[in-house]
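Each chain is listed here by its residues.
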Amino acid sequence: MLPSNVVQRGTKVSLKCQPEVSSSQGSHLNYEYIFFKDYVPLNTDQMNATDSLYSIPDARVSHSGKYKCAVVIKKERKESPVKDLKVKGLLTPVLNVDKLTLTEGDDVTAVCTAEGETGFLTFFFRDGPEELYWKETSSQKVEHNLTVTKRHENMFCYYTVKLSDSLETSNNSNVISVDFQELKIKPDIKVMPSTDVIEGDLITFSCSVNMTHQRNSELRIHLIHKSTMLSSNMTQEDYKMFPMANGSGKYECISKLGDVLKPSSVYITVKELFSVPVLSIHPDEVFEGENFTISCNISSFASEKIQREDITYSIFRDKTSVINNNKYSGIAGKVTNGKYMCMAKANEITKESQGVLFGAKVLVSKPEITTSGLVIVDKPFLIHCHSKNGSLPIIYSLKRNNITLNRTEVSDPHEKAQFLALISTPSDISSYLCAAENNGRVSIKMSERLHVTVIVPVGKPLMTVVPVPGNIEEGDNITLICGIPKGSPPISFRFYASNHTPIHNTTVQSNSSSFVLSTVNRENSGNYYCDASNNAGMSRMSNIVTVEVSLAKWKKALIAVFFMLLMVLLVLFIMIRYKAKRVEVNNKESVWSERPPDQDSLESPNEGDVEYTEVVHPQPEDPTRIPLRKGTDTVYSELQTSQGDPEHINHFLHQFWCFRPVRSCSTRFGFFGRCTARIKREVSRKTLCLCCFSNC
């Protein structure tokens with residue numbers, strides 16, 4: 001960037017973009033150079049050169065900004081670093097006007113010029129501290145037509161140049177003073193007879209301008225009061241009016257010549273002839289059938305003009321005359337309802353009161369008593385009381401057996417009074433009623449007694465089984481019966497088997513239900529129970545009944561026969577074994593002889609024990625057949641033993657297979673027959689019987 005990055009206005013500035021490119025000898029490359037100002041492309045040139053130059057021959061402040069260049073060779077692009085250029089110095093603008101001597105209301109053309117400046121400029125016209133006009137443009141000058149309504153002694157202009165990151169402001173232009181001549185068109189306003197009047201008095205406004213030395217005859221004069229134009233032709237005639245009390249205030253005469261306006265004003269005070277009437281109704285609240293009175297009165301009047309008797313009154317209902325008087329009495333009812341107003345009149349002055357809406361209050365009608373939701377014994381529920389007719393507010397009372405339980409006031413026409421209640425039996429519901437009143441005790445109306453469906457929650461169910469659980473066999477039908485002691489229908493019953501498995505559910509209108517299990521088997525054994533519920537929303541569970549399904553009779557008989565056969569076979573087996581042992585014994589010859597008493601025992605001072613034995617005589621064995629059992633003879637042999645020699649007895653006893661003590665020696669043992677040997681031994685005066693058999 002040459003000569004520098006900061007230059008004065010009018011300097012020639014050159015921007016040179018020179019890339020460093022390496023290429024093979026003899027190659028010819030095309031260079032594309034792109035220059036940017038504030039990151040916006042300025043131009044693009046293709047050339048067969050190794051550098052490019054961008055020139056600004058006459059730099060201006062608008063040329064200030066951020067510059068860079070880019071080189072593109074075979075679609076490859078490289079950019080240079082950014083360089084800032086700052087150009088100092090703005091031209092001082094020049095202000096010119098086409099007229100220097102003006103009359104009020106004339107137009108003047110002002111021109112502000114900044115010769116040679118470029119860029120986006122904003123011109124400002126001012127008269128001292130007052131801003132007259134401004135405009136944005138890319139031109140070097142701006143014209144403005146100005147209507148002169150006052151003297152301009154310090155008129156000048158200046159401009160600004162907007163850069164990317166700043167705003168540059170020029171010096172002020174030359175100052176022009178415009179010679180100003182004021183128009184003498186301010187009107188003269190007069191009021192007749194006075195500025196203080198009473199309602200009904202006639203007053204006249206006159207507005208005039210001295211046009212002797214004026215060269216322009218296009219003058220207009222307007223009469224205005226509170227932004228309302230009363231007259232637009234005051235130059236031709238006066239304005240007359242009968243002002244009311246609200247007519248007090250400022251009145252203006254405004255003369256207009258071209259764009260020049262000149263005002264003059266006067267203040268008028270209007271006193272009331274009589275005050276605005278006020279309508280009132282007594283009493284404030286009136287019920288249908290009661291007497292009421294409407295009055296129309298004024299609070300003041302101008303006694304210097306009229307007397308109270310000069311004022312006449314009329315009362316209207318819905319814009320229809322009711323009476324030509326200041327009082328009206330009647331009996332409240334639908335026909336007397338409406339919007340009332342009254343009118344007072346004196347000396348052709350008429351005033352109306354504000355409208356008052358009158359409606360006779362309606363006595364409350366007989367209330368209706370209802371409930372919200374289900375009514376369940378021993379559960380709270382809501383009772384609603386509502387009267388279809390009756391002026392608000394209405395006071396509702398809930399009564400039970402003529403005893404007031406609660407009171408509430410309702411002020412919304414769509415609202416119902418509600419009360420919380422509780423009953424312990426269904427018959428309690430009819431003890432409730434409600435009362436409504438809106439005008440004291442004389443207006444009390446009683447509802448009917450409350451009659452709604454009451455739901456009794458179900459009692460604890462009882463589960464029974466038919467037949468009795470101990471008499472149930474396979475193939476029988478079991479009837480499960482679920483009953484409740486109390487509960488409002490419909491009742492929903494559910495039956496459950498073991499592991500809480502539902503097997504049946506039904507809804508009935510009675511207090512019990514049953515379910516039949518057909519042709520049961522052993523798998524149907526287990527615990528059974530039921531539960532019951534109704535619209536009360538509570539479910540109650542019954543007792544648990546245990547059902548045991550026994551085998552069928554034919555199965556029992558079959559098992560009995562099987563066991564009997566098994567026992568028979570067992571007995572046969574035992575008998576066969578027994579006989580086989582007996583044959584073996586019979587083959588051995590057994591001889592019992594009396595053993596001489598032991599010498600030691602004879603010498604004993606105590607008598608020895610006596611022992612007996614039953615000896616079976618052996619028969620010759622026929623090896624060709626099984627020996628038949630024959631009768632046995634019992635031979636008792638007395639064996640004398642000594643207390644001091646038990647080994648002899650033990651030796652004797654061990655010759656038998658087994659022995660069992662019994663009460664008597666003649667006792668038989670089981671069904672196996674009589675013992676084959678018995679030994680009676682007296683020991684300490686007690687008898688011990690030993691029964692032996694070979695196969696125990």
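One can find the structure itself at the top, above this paragraph.
Just so it is clear, the structure is predicted and the values come from calculations on it, not from any experiment.

### Observations regarding the overall build of the protein chain
And step 1. For the protein chain, the count of helices and strands is 3 helices and 55 strands.
And step 2. Restricting the contact set of the protein chain to residue pairs at least 6 apart, pairs at least 24 apart contribute 61%.

### Here we look at the nonpolar core
And step 1. Among the nonpolar cores identified, the biggest contains 24 residues, and Leu273, Phe274, Phe292, Ile294, Ile311, Ile315 and Tyr340 are the most heavily contacted of them.
And step 2. Put simply, the parts of the chain that give this core at least two residues each are strand 26 (278-282), strand 27 (291-297), strand 28 (312-317) and strand 31 (338-346).
And step 3. A total of 4 residues in this core trace back to one element, the largest contributor, which is strand 31.
And step 4. The contacts of Ile311, once residues within four sequence positions are left out, are Phe274, Ile298, Phe301, Ile306, Ala344, Lys345 and Ala346.

### Notes on unusual backbone geometry
And step 1. The step from Leu392 to Pro393 runs through a cis peptide bond, and the omega angle for that step is -5°.
And step 2. Position of Pro393 among the secondary structure elements: in the loop between strand 36 (381-386) and strand 37 (394-400).
And step 3. Cis peptide bonds are those with omega within 30 degrees of zero, and the linkage from Pro489 to Pro490 qualifies with 0°.
And step 4. Considering the arrangement of structural elements, one finds Pro490 in the loop between strand 44 (478-483) and strand 45 (491-497).
And step 5. A positive phi angle is found at Asp318, which is not glycine, with a value near 50°.
And step 6. Position of Asp318 among the secondary structure elements: in the loop between strand 28 and strand 29 (320-323).
And step 7. Look at Glu348: it is not a glycine, yet its phi comes out positive at around 65°.
And step 8. Its location among the elements puts Glu348 in the loop between strand 31 and strand 32 (349-352).
And step 9. By relative accessible area, which is 67% here, Glu348 ends up exposed.

### What to know about the sheet that holds strand 23 (residues 239-241)
And step 1. The 3 strands lie next to each other as 18-20-23, forming an open sheet whose pairing is antiparallel. With one partner strand each, in any of the chains shown, strand 18 (188-192) and strand 23 form the two edges of the open sheet. Neighbour-to-neighbour, the strand axes of the sheet open up by a mean angle of 15°, direction not taken into account.
And step 2. Looking at chain direction, strand 20 (residues 203-208) and strand 23 are connected through 3 bridges and run antiparallel. The partner of Thr204 across the bridge, within strand 23, is Lys240.

### Focus on the packing of aromatic side chains
And step 1. Per the counting criterion, the structure on display carries 14 aromatic pairs.
And step 2. Note on Phe495 and Phe515: the rings are 6.2 Å apart at their centroids and 40° apart in plane angle, and the pair reads as tilted. Of the two residues, Phe495 is situated in strand 45 and Phe515 in strand 47 (residues 512-517); the sequence distance between them amounts to 20 residues. The exposure classification of Phe495 matches that of Phe515, with both residues buried.
And step 3. The aromatic ring of Phe36 is capped on one face by Lys68, whose charged end is 5.3 Å from the ring centroid.
And step 4. Above the ring of Phe274, the side-chain terminus of Lys351 is found at 5.1 Å from the ring centroid.

### Points about the pattern of salt bridges
And step 1. On inspection of all chains with the given rule, the structure shows 19 salt bridges.
And step 2. Between Arg126 and Glu131 there is a salt bridge; the shortest N-O distance is 3.4 Å.

### Brief notes about a nonpolar patch on the surface
And step 1. A cluster of nonpolar side chains, Val568, Leu569, Leu572, Met575 and Ile576, forms an exposed patch at the surface whose accessible area comes to about 480 Å².
And step 2. With respect to the helices and strands, Met575 occurs in helix 1 (residues 553-586).

### With respect to the side chain of Glu199
And step 1. You can see Glu199 is positioned in the loop between strand 19 (196-198) and strand 20.
And step 2. Overall, the relative accessible area of 3% leaves Glu199 in the buried class.
And step 3. Only 2.7 Å separates the side chain of Glu199 from the side chain of Lys351, close enough to count as a polar contact.
And step 4. If we skip the residues at most four places from it in the chain, Glu199 touches Pro243, Met244, Ala245, Val270, Lys271, Glu272, Leu273, Phe274, Ile349 and Lys351.

### Things to note about the pairing of strand 25 (residues 260-271)
Side-chain direction in a regular strand flips from residue to residue, so the side chains alternate between the two faces of the sheet.
And step 1. Side chains Val260, Lys262, Ser264, Val266, Ile268 and Val270 of strand 25 all project onto a buried face; the interleaved residues Leu261, Pro263, Ser265, Tyr267, Thr269 and Lys271 project onto a face where none is buried.
And step 2. Pairing analysis gives 3 bridges linking strand 19 to strand 25, with the strands arranged parallel. Opposite Val197, over in strand 25, you have Val270 as the bridge partner.
And step 3. Pairing geometry for strand 24 (residues 249-257) and strand 25, over 9 bridges, is antiparallel. Note that in strand 25 the partner of Ile254 across the bridge is Pro263.
And step 4. The antiparallel pairing of strand 24 with strand 25 creates a hairpin that spans 2 residues between the two strands, and Gly258 there sits at a positive phi of about 65°.

### Here we look at the pairing of strand 27
And step 1. With 5 bridges connecting them, strand 26 and strand 27 associate as antiparallel partners. Along strand 27, the bridge assignment pairs His282 with Thr293.
And step 2. Alignment of strand 27 against strand 30 (residues 327-331), held across 5 bridges, turns out to be antiparallel. Its bridge partner lying in strand 30, Thr293 is registered against Ser329.

### Thoughts on the state of the cysteines
And step 1. Counting across every chain of the model gives 6 disulfides.
And step 2. Between the sulfur atoms of Cys207 and its disulfide partner Cys253 the distance amounts to 1.4 Å. Here Cys207 is found in strand 20, whereas its partner Cys253 is found in strand 24, with 46 residues between them in sequence. Here the two residues Cys207 and Cys253 agree in accessibility, since each one is buried.
And step 3. Here Cys385 engages in a disulfide with Cys434; their sulfurs sit 2.5 Å apart. On the sign convention where negative is left-handed, the bridge of Cys385 and Cys434, at about -135° about the S-S bond, is left-handed. Of the two residues, Cys385 is situated in strand 36 and Cys434 in strand 40 (residues 432-437); the sequence distance between them amounts to 49 residues.
And step 4. Residue classification places Cys385 among the buried positions, given a relative accessible area of 0%.
And step 5. Residue classification places Cys434 among the buried positions, given a relative accessible area of 0%.

### A closer look at the sheet that holds strand 41 (residues 445-446)
And step 1. Strand order in the open sheet formed by 4 strands is 38-37-40-41, and the pairing between neighbours is antiparallel. Two strands in the sheet have a free side with no partner beyond their single neighbour: strand 38 (403-410) and strand 41.
And step 2. Sheet analysis places strand 37 next to strand 40, joined by 6 bridges and oriented antiparallel. Paired with Ser397 across the bridge in strand 40 is Ala435.

Cut-off values and rules
- Residues numbered from 1 in each chain as written.
- Predicted model: local features only at pLDDT ≥ 70, side-chain atom pairs only at ≥ 80, totals over all residues.
- Heavy atoms only, no water.
- Helix = DSSP H or I, 4+ residues; strand = E, 2+ residues; numbered from the N terminus.
- Contact = heavy atoms within 4.5 Å.
- Core = buried A, V, L, I, M, F, W, Y, C linked by side-chain atoms within 4.5 Å.
- Buried < 20%, exposed > 50% of the residue type's maximum accessible area, 1.4 Å probe, protein only.
- Pairing = 2+ DSSP bridges.
- Axes fitted to C-alpha atoms, helices over the stretch in contact; angles between N-to-C directions.
- Phe/Tyr/Trp six-rings, centres within 6.5 Å; stacked < 30°, edge-to-face > 60°.
- Lys NZ or Arg CZ within 6 Å of the ring centre and 35° of its normal.
- Salt bridge = Lys/Arg side-chain N within 4 Å of Asp/Glu carboxyl O.
- Patch = residues over 30% accessible without salt bridge, like charges linked within 9 Å, V, L, I, M, F, W, Y side chains within 5 Å.
- Areas by Shrake-Rupley, 256 points an atom, 1.4 Å probe, with all protein chains shown as cover.
- Polar contact = N/O pair within 3.5 Å; in protein donor to acceptor, adjacent residues only side chain to side chain.
- Disulfide = S-S within 2.5 Å.

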